[in-house]
Amino acid sequence: CFHLADWDNELVCYKELSEDLTCTWLPVPSAPNTINYTIFLKWDRIPKLFQRNTSSSSIKVERKDLYMKRSASIWIAVNYANGSCVRGKNISVTPSKAGKCLTPSNINAHQITNQLIIKWDLPATPTPYELRYKEAFTESTRWTLVPVESNAVNVTVLNLNALSSYIVQLRCIAKDGLHCVCIWSKEILVPHKLTKKPRISYNATTEISPGRRSVLLKWEV
């Protein structure tokens, strides 16, 4: 099973309220829709290798299969129908120190010409954050990281393409003494502003109740 250099699977494992360990990763590039992944856990000073199969890009390892205070080397492998096998990078996790960090909430983003403005609410215990963004609807684009000052609740990214839409994510930055795992927020799509008057191709109004109406518009740009 060889290491696939261009598969940055962003493997991460963490605990939430339960004592189970949740692991998530990005799909292997150019893979068929149906594919099987195998997760491997190699515990420190324990010879037996733990493995489980799944067809999704996440899996939950139950508490009974964990050694809470032992470090585990974890990786994901993919087995293809032709017998070949690829694997992603290893991460090291100690379950007792892998709780999910508090994350910012109410993340909002919008564009003004060539600027991207992102705002959020801080959790109870603020910590340093980082933001990343990339152009949407273009597979070849890479993430651009933006450092965020401590206790900041907004950031503005300048000099962007006003005709492009963007995807943004936010997460904390793990530091010494912070016994938890930083997880990227859900992807937030920020559509670009209309620069030309659109042509309305469909307009439908439906009365929901007295004083309330639903309006559906479709347009072409």
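Here we summarise the structure given alongside this text. (Residues numbered from 1 in each chain as written. Predicted model: local features only at pLDDT ≥ 70, side-chain atom pairs only at ≥ 80, totals over all residues. Heavy atoms only, no water.)

## Concerning the overall build of the protein chain
(1) Moving on: Of regular secondary structure, the protein chain possesses zero helices and 20 strands.
(2) Moving on: Radius of gyration (C-alpha) of the protein chain: 22 Å, far over the 17 Å computed for a compact globule of 221 residues.
(3) Moving on: Projecting the C-alpha coordinates of the protein chain onto the three principal axes gives extents of approximately 65 × 45 × 45 Å.
(4) Moving on: Burial statistics for the protein chain: of 221 residues in total, 38% are counted as buried.
(5) Moving on: Of the roughly 14,100 Å² that the protein chain leaves accessible, carbon and sulfur atoms contribute 50%.
(6) Moving on: Across the protein chain, the 28 positively charged side chains and the 18 negatively charged ones have centroids separated by 2 Å. (Helix = DSSP H or I, 4+ residues; strand = E, 2+ residues; numbered from the N terminus. Rg over C-alpha atoms; globule rule 2.2 N^0.38 Å. Buried < 20%, exposed > 50% of the residue type's maximum accessible area, 1.4 Å probe, protein only. Areas by Shrake-Rupley, 256 points an atom, 1.4 Å probe, with all protein chains shown as cover. Lys, Arg positive; Asp, Glu negative; His and termini not counted. Charge placed at Lys NZ, Arg CZ, Asp CG, Glu CD.)

## Observations concerning the state of the cysteines
(1) Moving on: What the rule picks out here adds up to four disulfides.
(2) Moving on: With a sulfur-sulfur separation of 2.1 Å, Cys 13 is cross-linked through a disulfide to Cys 23. In this structure the cystine formed by Cys 13 and Cys 23 twists about its S-S bond by roughly 115 degrees; its chirality is therefore right-handed. Here the residue Cys 13 occupies a position in strand β2 (residues 12-14), and Cys 23 occupies one in strand β3 (residues 21-24), the gap between them amounting to 10 residues.
(3) Moving on: Looking at the protein chain, its bonded cysteines, counted consecutively from the start of the sequence, adopt the pairing 1-4, 2-3, 5-7, 6-8. (Disulfide = S-S within 2.5 Å.)

## Some thoughts on the sheet that holds strand β11 (residues 105-112)
(1) Moving on: Spatially, three strands are ordered β11-β12-β15 in an open sheet, and the strand pairing comes out antiparallel. The two strands at the open ends of the sheet, each matched to only one other strand, are β11 and β15 (154-157). Here the average twist between neighbouring strands, direction ignored, is 15 degrees.
(2) Moving on: With six bridges joining them, β11 and strand β12 (residues 115-121) adopt antiparallel strand pairing. Note that in β12 the partner of Ile 112 across the bridge is Gln 115. (Pairing = 2+ DSSP bridges. Axes fitted to C-alpha atoms, helices over the stretch in contact; angles between N-to-C directions.)

## Digging into the nonpolar core
(1) Moving on: Membership of the largest hydrophobic core comes to 31 residues, with the highest contact counts inside it found for Leu 21 and Ile 74.
(2) Moving on: Mapped by element, the contributors of at least two residues to this core are β2, β3, β4 (37-43), β6 (58-61), β7 (72-79) and β9 (91-93).
(3) Moving on: Look past the residues within four positions of Leu 21 in its chain and what remains in contact with it is Cys 13, Tyr 14, Lys 15, Ile 59, Lys 60, Val 61, Leu 66, Ile 74, Val 93 and Ala 98.
(4) Moving on: Grouped together as the second largest cluster of nonpolar side chains are 22 residues, Tyr 129, Leu 131, Val 148 and Cys 182 included. (Core = buried A, V, L, I, M, F, W, Y, C linked by side-chain atoms within 4.5 Å. Contact = heavy atoms within 4.5 Å.)

## Points about a nonpolar patch on the surface
(1) Moving on: A cluster of nonpolar residues, Leu 194, Ile 200, Val 215, Leu 217 and Trp 219, forms a patch on the protein surface that exposes about 490 Å² of accessible area.
(2) Moving on: Among the structural elements, Leu 217 can be located in strand β20 (residues 212-220).
(3) Moving on: Given the relative accessible area of 40%, Leu 217 is considered partly exposed. (Patch = residues over 30% accessible without salt bridge, like charges linked within 9 Å, V, L, I, M, F, W, Y side chains within 5 Å. Salt bridge = Lys/Arg side-chain N within 4 Å of Asp/Glu carboxyl O.)

## Thoughts on the pairing of β6
(1) Moving on: Only one face of β6 is covered, namely the face carrying Ile 59 and Val 61; the face carrying Ser 58 and Lys 60 is uncovered.
(2) Moving on: For β3 and β6, the ladder comprises four bridges, and the chain directions are antiparallel. Across the sheet, residue Thr 22 finds its bridge partner in β6, namely Lys 60.

## Details of the layout of surface pockets
(1) Moving on: Put simply, the largest pocket is a space of about 1,600 Å³.
(2) Moving on: Along the wall of the largest pocket there are 44 residues; nearest its centre are Asp 8, Asn 9, Glu 10, Leu 26 and Arg 132.
(3) Moving on: Elements with a contribution of two residues or more to the lining of the largest pocket: β2, β9, β13 (129-135), β16 (166-172) and β17 (180-181).
(4) Moving on: When grouped by side-chain class, the residues that make up the lining of the largest pocket number 21 nonpolar, 11 polar and 12 charged. (1 Å grid on protein atoms, 1.4 Å probe; cavity = no way out; pocket = protein on both sides within 12 Å on 5 of 7 lines; lining within 4 Å. Points joined across faces, edges and corners; volume = space filled by probe spheres on them. Nonpolar A, V, L, I, M, F, W, Y, C, P; charged D, E, K, R; others polar.)

## Notes on the side chain of Ser 165
(1) Moving on: With respect to the helices and strands, the residue Ser 165 is situated in the loop between β15 and β16.
(2) Moving on: We classify Ser 165 as buried; its relative accessible area is 9%.
(3) Moving on: A distance of 3.1 Å separates a polar atom in the side chain of Ser 165 from the backbone nitrogen of His 192. (Polar contact = N/O pair within 3.5 Å; in protein donor to acceptor, adjacent residues only side chain to side chain.)

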